[in-house]
Amino acid sequence: MSIETLAFTFSALRDAYRGGTPPEEVVNEVFRRIEAANDPAMFIHLDREAALAAARALGAFDETKPLWGLPFAVKDNIDVAGMPTTAACPAYAYRPDADAFVVAHLRQAGAIPVGKTNLDQFATGLVGVRSPYGVPVNAIDPEIVPGGSSSGSAVAVARGIVPFALGTDTAGSGRVPAALNNIVGLKPTLGTLSATGMVPACRTLDTISVFALAVEDAFAAFSTATAYDEEDAYSRVFPKPSLGTLTPRFTIGVPDLATRKFFGDEAQAESFAQAVETVASLGGKVVELDFSVLYAIADMLYEGAWVAERYAAIEAFIAGRPDALFPVTNKIIGGAAVLSAADAFNGYYRLMDLKRAAEPLLKGIDMLCVPTIPRFFSRADLDADPIGPNSKLGTYTNFVNLMDMCAIAVPMAVRGDGRPGSVTLLAAAGRDGSIAALASKLHQHSGVALGATSWELAKPESASPRADDDEIAVALVGAHMSGLPLNSEITDRGGRFMFAGETAPVYGFYALAGGPPKRPGLVRRDTGGTAIPLEVWALPKKTFGDFLAGIPSPLCIGTVQLSDGASVKGFICEDAGTAGAEDISALGGWRRYLERV
């Protein structure tokens, strides 16, 4: 295969490098593709020589570096040493001496930055048309807005110019452009990616995000860049993110019919309905929810407190050079100058009230599935109304960071009118791997080409599931399994699903006396044992002790033998605990027992 036709995905590039392709050749191909795209508004700054120098400095192919030789683009509100940072405002430009924390980690893993991409000025907008550097051309349809604020990064990935790119996300800037360009947009849990070296929009809500053509690629870049940063006061400690396996059962919330919003786009409504059916076919128990309170939270983002935060981020600059801002940007941010501290506090109080009101709605839900955007807007629509369409594009995105949720936008089947389908999966902080596992399955099911290319989505490499060094594998046989009432005791502690299987045929299985709730008991037998269905989850070592402390007698954690001869830690029951219990060994597991009762 020639370099001109090589798919710029992680797996294809790594295969090419294993075959002897030099990274300098890939860098040169990046710049050939940029020229062929004929879109001068996509990038604000390019540095071919620096990229070639970085490629030459890599030396021989190194399998231990997960991003070796992978070129990437960086939204121009994130620092790359030696390249100017403008935030799409020429008068604001500065030239940093050091990479942003995330960029530095990507370089250490072997990735090569090639340039800085265009954006809605100061990351204010979801449309991608608010920049003095022009409007990047949507990779799917030039009549549609490219999406913002991370417009250039999304378009560069969708056109197959780079295998991944960095964006940022406050209101949906890492998700909306993904939907409009048929790619994956990963918005991680706040604080997992350091903001050091990023020009803030809303400091309390910002995160760097990742665009890629496939879920696995986006997650690989994200997990590589994840590290605690002592210099960033908003950096948080989470277990190293791992792209897990989709659980057999899960509960997923969707907007009910009464509160779904598509603003007249019937094709989008039908596309989402089909996506919900696909989720159900993959094991999801779909629960329809009244989204009214989440929409109310979304409305808060462009009310006092957080508009004031945008103003605070560039207060000194805007006070001295208000004429330097793009007109719409100045109108939005500049309006905060009249807000008071009382306005800000009242906004926070209102948010906390709404979040408390949302708690019962989300109780028992593993994740949410929403349309990434409610409808499409053209560039002509934005010419006629610069504000309204932008607000509508944030319908399903604006509440997410205010709720401290992680998110991933994933392409779905092409709509009936030929435009790309997309949904976003949302979950509580730290659940990035869980939603990515479902996103991967949805992307595989979609059957769509990657971005604006003709490349097909490769089947993910199957890996033997195992616990990492900082995890403990735990076998679950009862209510802690996926989709059952106590599963949150695992997921809330950072647990991730590994696989479903069976014990070795040496156990008896009992429904213990007492309750509610009913509890199972797994007891090893010398003779007459049965293979019992189970799930194996990986639990972080640092939360394992807390989990162990909550296990009631006669249950305890022991060693469970699996059908393949391996053994893991797991729930077992003391022999004395079976007094008065019902032997349910022949039923085929706890789920079958629950169906019977």
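Enquirer: Just checking my understanding: could you explain the overall build of the chain for this structure?
Expert: The helix and strand tally for the chain stands at 20 helices and 19 strands. The C-alpha atoms of the chain give a radius of gyration of 25 Å, which matches the 25 Å a tight globule of 597 residues would have. Taking the principal axes of the C-alpha coordinates as reference, the chain spans close to 80 × 60 × 50 Å. Taken over 597 residues, the chain has a buried fraction of 57%. For the chain, long-range pairs separated by at least 24 residues make up 74% of all intrachain contacts whose partners lie at least 6 apart in sequence. A gap of 3 Å separates the mean positions of the 50 positive and 66 negative side-chain charges of the chain.

Enquirer: Could you clarify how one ought to interpret the pairing of strand β6 (residues 207–212) in this entry?
Expert: Of all six residues in β6, six are buried; the element is thus mostly enclosed. Covered by surrounding structure in β6 are Thr207, Ser209 and Phe211 together with Ile208, Val210 and Ala212, the residues of both alternating faces. With six bridges connecting them, strand β4 (residues 164–169) and β6 associate as antiparallel partners. Bridging across to β6, Leu166 finds its partner in Val210. Two strands pair when backbone bridges link them, and strand β5 (residues 184–187) and β6 are joined in this way by three bridges, in the antiparallel orientation. From the neighbouring strand, Leu186 faces β6, where its bridge partner is Val210.

Enquirer: Can you help me understand the packing of aromatic side chains in this one?
Expert: How two aromatic rings sit relative to each other is given by the distance of their centres and the angle of their planes. With the rule as written, the count across this model stands at 20 aromatic pairs. With a centroid separation of 6.1 Å and an interplanar angle of 55°, the aromatic rings of Phe122 and Phe317 are classed as tilted. Separated by 195 residues along the polypeptide, Phe122 in the loop between β3 (112–117) and α5 (151–158) and Phe317 in helix α11 (residues 315–320) bring together distant segments of the chain. Relative accessible area serves as the criterion here: at 15%, Phe317 is assigned to the buried category. Three or more aromatic residues joined by ring pairs make a cluster, and in this case those are Tyr92, Tyr94, Phe122 and Phe317.

Enquirer: Would you explain the side chain of Asn77 in this entry?
Expert: Within the secondary structure, Asn77 sits in the loop between β2 (71–75) and α4 (101–108). Excluding residues that lie within four positions of it along the chain, Asn77 makes contacts with Thr85, Ala87, Leu119, Ala123, Thr168, Gly197, Met198 and Val199.

Enquirer: Honestly, helix α13 (residues 341–362) in this entry has me stumped. Any pointers?
Expert: In this model, α13 (22 residues) spans 31 Å end to end at C-alpha, consistent with the 32 Å of a helix rising 1.5 Å per residue. Taken together, the buried positions of α13 are Gly347, Leu351, Leu354, Ala358 and Leu361. Elements that come into contact with the buried residues of α13 comprise β8 (284–289), α9 (292–300), α10 (304–313) and α16 (398–402). The positive-phi residue at the C-terminal boundary of α13 is Gly364, with phi of around 85°.

Enquirer: What am I meant to see in the environment of Gly418 here?
Expert: One can find Gly418 in the loop between β10 (405–412) and β11 (421–428). Counting along the chain gives 151 residues from Gly418 to Ala267, while the straight-line C-alpha distance between them is 9.6 Å.

Enquirer: Got a minute to help me understand the pairing of β10 in this structure?
Expert: On a regular strand, one side chain projects to one face of the sheet and the next to the other, so that they alternate. A large share of β10 lies buried, amounting to eight of its eight residues. Across the two faces of β10 the burial is the same, with Met405, Ala407, Ala409 and Pro411 and Cys406, Ile408, Val410 and Met412 all buried. Relative to β10, β5 is paired through three bridges, and the arrangement is antiparallel. The partner of Gly185 across the bridge, within β10, is Ala409. Judged from the eight bridges that link them, β10 and β11 form a sheet pairing that is antiparallel.

Enquirer: I'm lost on the sheet that holds strand β14 (residues 507–511) in this one. Help?
Expert: Strands belonging to one sheet form pairs held by backbone hydrogen bonds; the direction of such a pair is parallel or antiparallel. Overall, antiparallel pairing links the three strands, which are arranged β15-β14-β19 in an open sheet. The sheet is open, and its two borders are formed by β15 (520–524) and β19 (582–583), each paired with just one other strand. For β14 and β15, the ladder comprises five bridges, and the chain directions are antiparallel. Within β15, the position partnered with Tyr510 by the bridge is Gly521.

Enquirer: Is there a simple way to think about the packing of α4 against helix α7 (residues 215–225) in this case?
Expert: A pair of packed helices is characterised by two quantities: the angle between their axes and the separation of those axes. Look at α4 against α7: their axes get within 8 Å of each other, and the N-to-C directions meet at 110°. With respect to α7, the element α4 is oriented roughly perpendicular. Contacts between α4 and α7 involve Val102, His105 and Leu106 from the first element and Ala221, Thr224 and Ala225 from the second.

Enquirer: Would you take a moment to explain a nonpolar patch on the surface for this structure?
Expert: On the surface, a cluster of nonpolar side chains totalling about 350 Å² of accessible area is made up of Phe345, Tyr348 and Tyr349. With respect to the helices, strands and loops of the structure, Tyr349 is situated in helix α13. Classification of Tyr349 by relative accessible area gives exposed; the value is 51%.

Enquirer: Hey, could you run me through the packing of helix α2 (residues 23–37) against helix α3 (residues 48–57) in this one?
Expert: Contact geometry for α2 and α3: axes closest at 8 Å, N-to-C directions at 160°. On the basis of their axis angle, the class for α2 and α3 is roughly antiparallel. Classified by chirality, the crossing of α3 by α2 is right-handed. Between α2 and α3, the contacting residues are Pro23, Glu24, Val27, Asn28 and Phe31 on the first element and Arg48, Ala51, Leu52, Ala55 and Arg56 on the second.

Reading the values: the criteria
Residues numbered from 1 in each chain as written. Predicted model: local features only at pLDDT ≥ 70, side-chain atom pairs only at ≥ 80, totals over all residues. Heavy atoms only, no water. Helix = DSSP H or I, 4+ residues; strand = E, 2+ residues; numbered from the N terminus. Rg over C-alpha atoms; globule rule 2.2 N^0.38 Å. Buried < 20%, exposed > 50% of the residue type's maximum accessible area, 1.4 Å probe, protein only. Contact = heavy atoms within 4.5 Å. Lys, Arg positive; Asp, Glu negative; His and termini not counted. Charge placed at Lys NZ, Arg CZ, Asp CG, Glu CD. Pairing = 2+ DSSP bridges. Phe/Tyr/Trp six-rings, centres within 6.5 Å; stacked < 30°, edge-to-face > 60°. Expected span 1.5 Å × (residues − 1). Axes fitted to C-alpha atoms, helices over the stretch in contact; angles between N-to-C directions. Parallel < 35°, antiparallel > 145°, perpendicular 65-115°, else oblique. Patch = residues over 30% accessible without salt bridge, like charges linked within 9 Å, V, L, I, M, F, W, Y side chains within 5 Å. Areas by Shrake-Rupley, 256 points an atom, 1.4 Å probe, with all protein chains shown as cover. Salt bridge = Lys/Arg side-chain N within 4 Å of Asp/Glu carboxyl O. Left-handed = near helix turned anticlockwise from the far one by under 90°.

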